[in-house]
Amino acid sequence: MKHAVTLWIALLILPILMLHTANANSTLDEIRANGLLTVCMDIRNLPYSNADPELPGLYVEIAHLLAEELGVKLELHWLNTLRDSLLADMIRGHCDCVIGVPIEERAMSESIQLGKNVDFSTPFYGTGYVLVKHKSNQASPENLEDIKLETLGTEAGSIASDVLRQMGYNRRVYRSQIAVLDAINKGQIAYGYVWSNIGWLIEKGSRIQQPEQTDTAYPELEIVEGFVPQARLRWNVAIAFSKDKPTRKTSELQDVVNTIIEQKWSEEKLKELCEKYHLPYFAPFQEDEQK
């Protein structure tokens, strides 16, 4: 009798466990059947993501758009990327996708064999390194060649620092992006060459800011309008899917997501979202431009 009761309890629990497991790395049919899309997301990484629903971040808002287009609810699987890897957690089966991944291993902080483990959607926008200057500086260079003789401040250890050195530019390295902004503010350098999230730092002064705080942290600085990152310092951004389990037919989900990006997400809408978080918007770069 005891064994029969144990078996009966096990049979009751098993479907619950199976349902929980199906919520991540799911096929399109499973996502729709469960009515749930699970996305791995950094818990504190503004302007891209944030656990506070009052200030969610660009990629959280895009995740909501994606779930809405799929006709399902959104579940965010929160991680602290100072300790954990979004892509690795996806590959382990904890979510269906990761939103906002540069399609270039050099631009990532995570050591993942992209071609072997990760597939990408159609890119939905481009990103890269941008120029920052003091507003009193009336020049508006469209590329680095226009300011070949200027000293460019950049973050130590960044891709920009390495590429500028290789290309023979006069670069000066600083310990952080904020240190670069401080140097421009003090007139020590004319331009900073920094990652595109710098607009958030100019406006907010830190990665996390309460929604009611609107004072500009660097009111005298701005991103150079019209400047487009050059080929070695720009990347397309997409949605990543795990291909660790090919039998799961993740390509079906990938195909539907591609259709949503190409047919549903207008450039105007994406620009609007980027501007909300002080991020410059670039249309996806052509593949031959990236080589």
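Predicted model, so just to flag it, every value in this text is computed and none were measured. (Residues numbered from 1 in each chain as written. Predicted model: local features only at pLDDT ≥ 70, side-chain atom pairs only at ≥ 80, totals over all residues. Heavy atoms only, no water.)

1. Examining the nonpolar core
So, step 1. Ranked by internal contacts, the top residues of the largest apolar core, which has 72 residues, are Tyr59, Leu66, Phe124, Ile239 and Trp265.
So, step 2. Per element, the largest residue contribution to this core is nine residues, and it comes from helix α3 (residues 58-70).
So, step 3. Contact partners of tyrosine 59, with chain neighbours within four places excluded, come to Met41, Tyr48, Ile99, Gly100, Phe124, Tyr125 and Val237.
So, step 4. Among the nonpolar cores identified, the runner-up in size contains 13 residues, and Ile91, Val101, Ala238 and Ala240 belong to it. (Core = buried A, V, L, I, M, F, W, Y, C linked by side-chain atoms within 4.5 Å. Buried < 20%, exposed > 50% of the residue type's maximum accessible area, 1.4 Å probe, protein only. Helix = DSSP H or I, 4+ residues; strand = E, 2+ residues; numbered from the N terminus. Contact = heavy atoms within 4.5 Å.)

2. Points about the state of the cysteines
So, step 1. For the coordinates displayed, the defined rule picks out one disulfide.
So, step 2. The partner cysteine of cysteine 40 in its disulfide is cysteine 95, sulfur to sulfur 2.1 Å. Its torsion about the S-S bond being -110°, the disulfide of cysteine 40 and cysteine 95 is classed as left-handed. Here cysteine 40, found in strand β1 (residues 36-42), pairs with cysteine 95, found in the loop between α4 (86-91) and β5 (97-102); they are 55 residues apart in sequence, far enough to count as distant. (Disulfide = S-S within 2.5 Å.)

3. Some points on the packing of aromatic side chains
So, step 1. Under the counting rule described, the total for this entry stands at ten aromatic pairs.
So, step 2. Summarising the aromatic geometry, the rings of tyrosine 129 and tyrosine 193 are spaced 5.9 Å apart at their centres and angled 40° between planes, so their arrangement reads as tilted. Taken together, the positions of tyrosine 129 in strand β7 (residues 125-134) and tyrosine 193 in strand β10 (residues 191-195) put the pair 64 residues apart, joining distant regions of the chain.
So, step 3. The exposure class of tyrosine 129 is buried, given its relative accessible area of 8%.
So, step 4. Exposure remark for tyrosine 193: the relative accessible area of 0% places this residue in the buried category.
So, step 5. An angle of 90° between the planes, with centres 5.9 Å apart, marks the rings of tyrosine 193 and phenylalanine 227 as edge-to-face. You can see tyrosine 193 sitting in strand β10 and its partner phenylalanine 227 sitting in the loop between β11 (221-223) and β12 (234-242), a full 34 residues away along the chain.
So, step 6. Judged by its relative accessible area of 3%, phenylalanine 227 is buried.
So, step 7. Here the aromatic cluster, defined as three or more aromatic residues joined through ring pairs, consists of Tyr129, Tyr193, Trp195, Phe227 and Trp235.
So, step 8. Cation over ring: lysine 148 sits above tyrosine 169, and NZ or CZ is 4.1 Å from the ring centre.
So, step 9. Of note, lysine 204 hangs over the ring of tryptophan 200, and the distance from its end group to the ring centre comes to 5.6 Å. (Phe/Tyr/Trp six-rings, centres within 6.5 Å; stacked < 30°, edge-to-face > 60°. Lys NZ or Arg CZ within 6 Å of the ring centre and 35° of its normal.)

4. Considerations on the confidence of the model for the protein chain
So, step 1. Of all residues in the protein chain, 80% attain a pLDDT of 70 or more, and the chain-wide mean is 84.
So, step 2. Mean pLDDT across the elements of the protein chain ranges from a minimum in helix α1 (residues 2-21), with 34, to a maximum in α3, with 98.
So, step 3. Predicted confidence is poor over residues 1-23, with pLDDT under 50, and the contacts of this stretch with residues over four places away or in other chains come to six contacts. (pLDDT = per-residue confidence, 0-100.)

5. Re the environment of proline 141
So, step 1. Inspection of the secondary structure puts proline 141 in the loop between β7 and β8 (152-155).
So, step 2. For the pair formed by proline 141 and glycine 226, sequence separation is 85 residues and the distance between their alpha carbons is 7.9 Å.
So, step 3. In this structure proline 141 touches Leu131, Asp146, Ile147, Tyr191, Val224 and Phe227, once residues within four positions along its chain are discounted.

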